[in-house]
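What follows is the residue order along each chain.
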Amino acid sequence: MRISDTIAYLVTRRRGAMWMAIGALTAASLVVLVTRMRLDTEVLNLLPKGFESVEGLKVYNRDFAQVRELTFALRCAPEDADKLEEFAPLFAQRLREQPWCTRVLAGAPIETPDGIRDLQSIALPLLLNLEPQAFDQTIAILEPTRIRDRLHRLHQEIEAGSPRPEMELSLDPLGVIGPALKPFAENASIQEEQPLASSDRTMRVFLVVTNQPTIGAFDCQRLMEKVKAFRQTATAGWEGGKLEVLVTGRSAYVAEISLSMRHDIVITLLGSILLVGGVFYAGFRRWLPLLGMGFSLLLCCLIALAAGLLIFGELNMVTVGFCAILIGLGVDFAILVFGRYQQTRDDGLNYEEAVRDAVSNLGRAIFFGALTTAVGFLALLLARSGGFTQLGVLIAIGISFAGVLMLTVFFLFLPRRAPLFRHDWIFSTVKSYVSWTVRNPTPMLWIATPLLLALTALALSPRPRLLFDVSTHSMEPKSSDAGYALQTIMAKMPTRWEPVIGIVRAQNPQELHDAWQKIAAHWSELQAAGKIKSFSTPAALALSPARLTSNRLRLQAIDFNAARQALQTSLVSEGFSPATFAPAFTLLDQLQRAPDPAAPIPDWRTQLAPSSSWWFLVDRYFAHDPLLTTGFVTTNAPVETQDQKQMLRNELPVAEIPMSLSGWSFTLTDLVPWSRHQLIFISTLMAIFDASLLAFLYRDWRLWLIQLATLALAIGAMIASMKLLHIPLNLLNVLAFRLVLAIGVDYGIYVLLVWQRATKLEHDVAGVVKPVLLAGLTAICGFGSLGFANNPTLSGLGVACAIGLSWSLAATLFFTLPAAAAVEPKIWREEEVSSRRSS
């Protein structure tokens, strides 16, 4: 029994069994959906795998505490700059009082009493970590004579009215903390590298670390709800004009992205359903087929979604758009099937015969149409992007089920009685066009061919250029408050452009220390040569066990009792308060115990209080694993070109030290060659697949060449349109070209396969052109609905595909059809009958 006979038998005589199977499939899919639904809001998962820079970003975002950091900014009018200076401490205090806040950085830690005390608490390990020569020079300050001379000199300077000696004594009473902190201070210039106030004094920045349990979507949403409530009351007491409170950071982006995913699912799905349903009803004006189409498509989406969750475990932000795409593509099959079914019913066939005829005549075309579309989307696996891999697999599964369901389940919704004939203005218009075009194809070819060739020439021309956006803004959600805040801060503080990150993982503390000493020396040479603007490393905090042991032994030569006696005597003679110098006596006690191997050296990480502002600096360098560290290089200009990236890749690493270079700007620039590879090489592979499939299908070199020319001209017109409309390509919507090749070829397949076997102009050719027209419009609507998405990646992909499919449809109708009529003219059966009657 043929497949068409089996389907007709099941649909007409085993409807109960069909509905039971549908119910079981639906129930199983719903169970998977309810029990396993998880959304992945990580934007980095959209980037391709296998790139060191991408993996470095993932490591930095996953393993470093800075991911829980929020940046607040206050912006006022220029005339309120003085009031902002007065209001900033109050705002910082209100931040510290929030239950979701762990610590706040509102200024340089060295300028606060707590910051000074914290530095004094970690002085011992940093002192013991000095190079031998620097350590000897530093501990020589503890000689009694030098202690007395130093305190006497500072006392005289204080009496002379200088404020510097008082600051020096509060930070470093003995004079040994300064040298110990010198390597640390050289890399701790937060105000210089990350200014907390704009040069015009109209903006103040506050860094906040939150206590949210995870960086997951729901925890970020809950945190940002609390932040939103805080912002509403944070400006209480402000007496100036408008004061803008800005917030950005990873948690803010994750909350926005996860909420926009919900918006994108609803708006794209509803938009696609309304647009596609409207096109279908306008074409056939039947409610039951429309209902059957909608049910079948939603079932396809449900099955594909359940399959995706079983395969991947969670779905990425781009994947949420697959329903809108699938509806726009799957409806093609419904339109083709119902168009043929309605034709046969008009010809007098009964319900079962019409089902059999539709499956028999269109099953092959639908199979190959689903195959090319599925292969096109499965080709997204070659992009090595997690999000687009999921999108490709889900749509490939969905479109395969759409082909099956439209040839089975869809018929269950069609009435057994023949529908009443209604005037079909779309078919009448299509029939008139087809009749004119195929009988006299030359005029249409003279119109369409020059236009398509001109657009293709424009696409190949270097002017105007096709815009290619590799900035971080191309990855941000539309209307993003976090994105607006970041752009505003960057505009006010242009020195805050993102640095290049160097990630180093060591096997032990000594290896970590040695690595960063070599890296710091090398980067210092690059800075002196003008190749980089500045850098900072954790070299001062990467302690060397060998140095600690060596320097502890050197302390045995110091007479600490004499040093303590000299300090006490000098304090009395110079009139200083002994209580003020309590940290100095504590440090002397620690140094005296240090030579004893049984006395542990305090870990500087345990000495810093959790609320210490110095953690903002430490967390930049050290991950949760203290052997995983980063250094930062500020370039002379933002990294935007391949030359800049290549220079950094060649110059920054140090021989025999494994280092991963990363950073957002560096990574996006690093991915430009990959993106161009996707545009050219992978699209070429898709074109080769299409060409091979078409050769197998048509087995007529003339129709094969026509179809290839159609694809080439459609892609050329697509590129020209994007140039003229100033629609940029980005790192991910370049994937649209392969999708247009995969989907656009279907229209030509439907038309040319029918053309090869056509005997009746009205019944065969016009009968398939109308469904192709409607199918193209629904696919355009499906992708076009993605343009309403907040996610720019999803929106850009949808707009690019909609433009490409529009030209594919136009090229099929206005070039493929008349070209086929020109190279393979036919004598239509209606003409033969009429000539016989006249004779």
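It should be emphasised that the depicted structure is a prediction, and the values quoted were computed from it without experimental measurement.

**Regarding the overall build of the protein chain**
Point 1. Helix and strand counts for the protein chain stand at 34 helices and 12 strands.
Point 2. Taking 2.2 N^0.38 as the reference for a compact globule, 839 residues should give roughly 28 Å; the C-alpha atoms of the protein chain span a radius of gyration of 36 Å, well beyond that estimate.
Point 3. Across its three principal axes, the protein chain shows a C-alpha extent of roughly 135 × 55 × 50 Å.
Point 4. Taking all 839 residues of the protein chain together, 56% fall into the buried category.
Point 5. Of the contacts formed within the protein chain by residues at least 6 apart in sequence, a portion of 83% connects residues at least 24 apart.

**Overview of the nonpolar core**
Point 1. Residues Met293, Phe411 and Phe783 are the most contacted members of the largest nonpolar core, which totals 140 residues.
Point 2. Two domains each put at least three residues into this core: domain 1 (1-36 + 303-413) and domain 3 (427-470 + 671-839).
Point 3. Sequence-distant contacts of Met293, defined by excluding residues within four places in its chain, comprise Val276, Gly277, Phe280, Val331, Ala334, Met406 and Phe410.
Point 4. Counting residues in hydrophobic clusters, the runner-up holds 78 residues, among them Tyr60, Leu154, Ala506 and Leu543.

**Quick look at the environment of Ala306**
Point 1. When you line up the elements, Ala306 lands in helix H14 (residues 287-312).
Point 2. Considered as a pair, Ala306 and Gln607 are 301 residues apart in the sequence and their alpha carbons are 51 Å apart.
Point 3. Once residues within four sequence positions are removed from consideration, Ala306 is found in contact with Ser29 and Val32.

**Topic: the pairing of strand S2 (residues 69-75)**
Point 1. Extensive coverage of S2 is indicated by the burial of 5 of its 7 residues.
Point 2. Relative to strand S4 (residues 203-210), S2 is paired through 7 bridges, and the arrangement is antiparallel. Bridging across to S4, Thr71 finds its partner in Leu207.
Point 3. Here S2 runs beside strand S5 (residues 244-249); their pairing, made up of 6 bridges, is antiparallel. Counted as the bridge partner of Arg75 is Glu244 from S5.

**Some thoughts on the domain arrangement of the protein chain**
Point 1. Taken domain by domain, the protein chain comprises domain 1 (1-36 + 303-413), domain 2 (110-195 + 545-620), domain 3 (427-470 + 671-839) and domain 4 (499-541 + 622-662).
Point 2. If you average the C-alpha positions of domain 2 and of domain 3, the two centres end up 76 Å apart.

**Thoughts on helix H24 (residues 582-593)**
Point 1. Its 12 residues place the ends of H24 17 Å apart at the C-alpha level, agreeing with the 16 Å of an ideal helix rising 1.5 Å per residue.
Point 2. Within the sequence span of H24, burial applies to Ala584, Phe585, Leu587, Leu588 and Leu591. Seen end-on, H24 carries its buried residues on one side only, within an arc spanning 160 degrees.

**Focus on unusual backbone geometry**
Point 1. Across the junction of Arg463 and Pro464, the peptide omega takes the value -5 degrees, indicating a cis bond.
Point 2. Of note in the backbone geometry, Arg201 takes a positive phi value of approximately 65 degrees without being a glycine.
Point 3. Assignment of secondary structure puts Arg201 in the loop between helix H11 (190-193) and S4.
Point 4. A positive phi angle is found at Glu656, which is not glycine, with a value near 70 degrees.

**Let's talk about the packing of aromatic side chains**
Point 1. With the rule as written, the count across this model stands at 25 aromatic pairs.
Point 2. When the ring of Phe367 is compared with that of Phe368, the centres are 5.1 Å apart and the planes differ by 80 degrees; the resulting orientation is edge-to-face.
Point 3. Feature note: the residues Phe72, Phe91, Trp100, Phe206 and Phe230 constitute an aromatic cluster, connected by ring pairs.
Point 4. Lying across the ring of Phe632, Arg620 places its NZ or CZ 4.2 Å from the centre.
Point 5. Its end group placed over the ring of Phe696, Arg699 keeps NZ or CZ at 5.0 Å from the ring centre.

**Remarks on the sheet that holds strand S11 (residues 660-662)**
Point 1. Strand order in this open sheet of 4 strands is S9-S10-S8-S11, and the pairing throughout is antiparallel. Edge positions in the sheet fall to strand S9 (534-536) and S11, since each of these pairs with one other strand and no more. For this sheet, the mean inter-axis angle between neighbouring strands, taken without regard to orientation, is 20 degrees.
Point 2. Sitting on the sheet, helix H3 (residues 52-63) is in contact with strand S8 (500-505), strand S10 (628-634) and S11, with an inclination near 85 degrees to S11.

**Here we look at the sheet that holds S5**
Point 1. Pairing is antiparallel in the open sheet, where 4 strands are placed in the order S3-S4-S2-S5. Bordering the open sheet on either side are strand S3 (101-105) and S5, each of which pairs with just one other strand. When strand polarity is set aside, the average angle formed by the axes of neighbouring strands in this sheet is 25 degrees.
Point 2. Direction of pairing for S3 relative to S4: antiparallel, over a ladder of 4 bridges. Bridge assignment links Leu105 to a residue of S4, and that residue is Leu207.
Point 3. Sheet contacts for helix H4 (residues 81-96): S2, S3, S4 and S5; angle to S4, the most-contacted strand, approximately 10 degrees.
Point 4. Here helix H20 (residues 481-492) sits on the sheet and contacts S2, S4 and S5; the angle it forms with S5, its principal contact strand, is near 105 degrees.

**Points about the environment of Gly392**
Point 1. Looking at where Gly392 falls in the secondary structure, it is placed in helix H17 (residues 386-406).
Point 2. Taking the C-alpha atoms as reference, Gly392 lies 8.6 Å from Thr319; in sequence the two are 73 residues apart.
Point 3. Contacts of Gly392, omitting those with residues within four sequence positions, involve Phe377, Leu378 and Leu380.

**As for the state of the cysteines**
Point 1. Within this structure, the stated rule accounts for 0 disulfides.
Point 2. No disulfide involves Cys300; its nearest neighbouring cysteine sulfur is the one of Cys301, lying 6.8 Å away.
Point 3. Relative accessible area serves as the criterion here: at 0%, Cys300 is assigned to the buried category.

**Remarks on a nonpolar patch on the surface**
Point 1. A cluster of nonpolar side chains, namely Leu382, Phe681, Leu685 and Ile688, defines an oily patch on the protein surface of about 360 Å² accessible area.
Point 2. By relative accessible area, Ile688 is classed as partly exposed at 48%.

**Some points on the packing of helix H16 (residues 351-378) against helix H31 (residues 736-757)**
Relative placement of two packed helices is described by the angle separating their axes and the distance separating the axes.
Point 1. Relative orientation of the contacting elements H16 and H31 amounts to 165 degrees, with a least axis distance of 8 Å. One way to sum up the angle between H16 and H31 is to call them roughly antiparallel. Where H16 crosses over H31, the two elements pack in a sense that is right-handed. Of the residues in H31, those touching H16 at Asn361, Arg364, Ala365, Gly369, Thr372, Thr373, Gly376 and Phe377 are Arg738, Leu739, Ala742, Ile743, Val745, Asp746, Ile749, Tyr750, Leu753 and Arg757.
Point 2. Looking at the contact of H16 with H31 residue by residue, the class counts come to 9 nonpolar, 5 polar and 4 charged.

**Here we look at the confidence of the model for the protein chain**
Point 1. Confidence in the prediction for the protein chain averages 82 pLDDT; 92% of positions are at 70 or higher.
Point 2. For the protein chain, the element scoring lowest by mean pLDDT is helix H34 (residues 829-838), at 41; helix H19 (residues 442-460) scores highest, at 93.
Point 3. Segment residues 829-839 is flagged for pLDDT under 50; beyond a separation of four residues in sequence, or across chains, it makes 8 contacts in the model.

The rules behind each value
- Residues numbered from 1 in each chain as written.
- Predicted model: local features only at pLDDT ≥ 70, side-chain atom pairs only at ≥ 80, totals over all residues.
- Heavy atoms only, no water.
- Helix = DSSP H or I, 4+ residues; strand = E, 2+ residues; numbered from the N terminus.
- Rg over C-alpha atoms; globule rule 2.2 N^0.38 Å.
- Buried < 20%, exposed > 50% of the residue type's maximum accessible area, 1.4 Å probe, protein only.
- Contact = heavy atoms within 4.5 Å.
- Core = buried A, V, L, I, M, F, W, Y, C linked by side-chain atoms within 4.5 Å.
- Domains from an automatic or database assignment.
- Pairing = 2+ DSSP bridges.
- Expected span 1.5 Å × (residues − 1).
- Arc of directions from axis to C-beta.
- Phe/Tyr/Trp six-rings, centres within 6.5 Å; stacked < 30°, edge-to-face > 60°.
- Lys NZ or Arg CZ within 6 Å of the ring centre and 35° of its normal.
- Axes fitted to C-alpha atoms, helices over the stretch in contact; angles between N-to-C directions.
- Disulfide = S-S within 2.5 Å.
- Patch = residues over 30% accessible without salt bridge, like charges linked within 9 Å, V, L, I, M, F, W, Y side chains within 5 Å.
- Areas by Shrake-Rupley, 256 points an atom, 1.4 Å probe, with all protein chains shown as cover.
- Salt bridge = Lys/Arg side-chain N within 4 Å of Asp/Glu carboxyl O.
- Parallel < 35°, antiparallel > 145°, perpendicular 65-115°, else oblique.
- Left-handed = near helix turned anticlockwise from the far one by under 90°.
- Nonpolar A, V, L, I, M, F, W, Y, C, P; charged D, E, K, R; others polar.
- pLDDT = per-residue confidence, 0-100.

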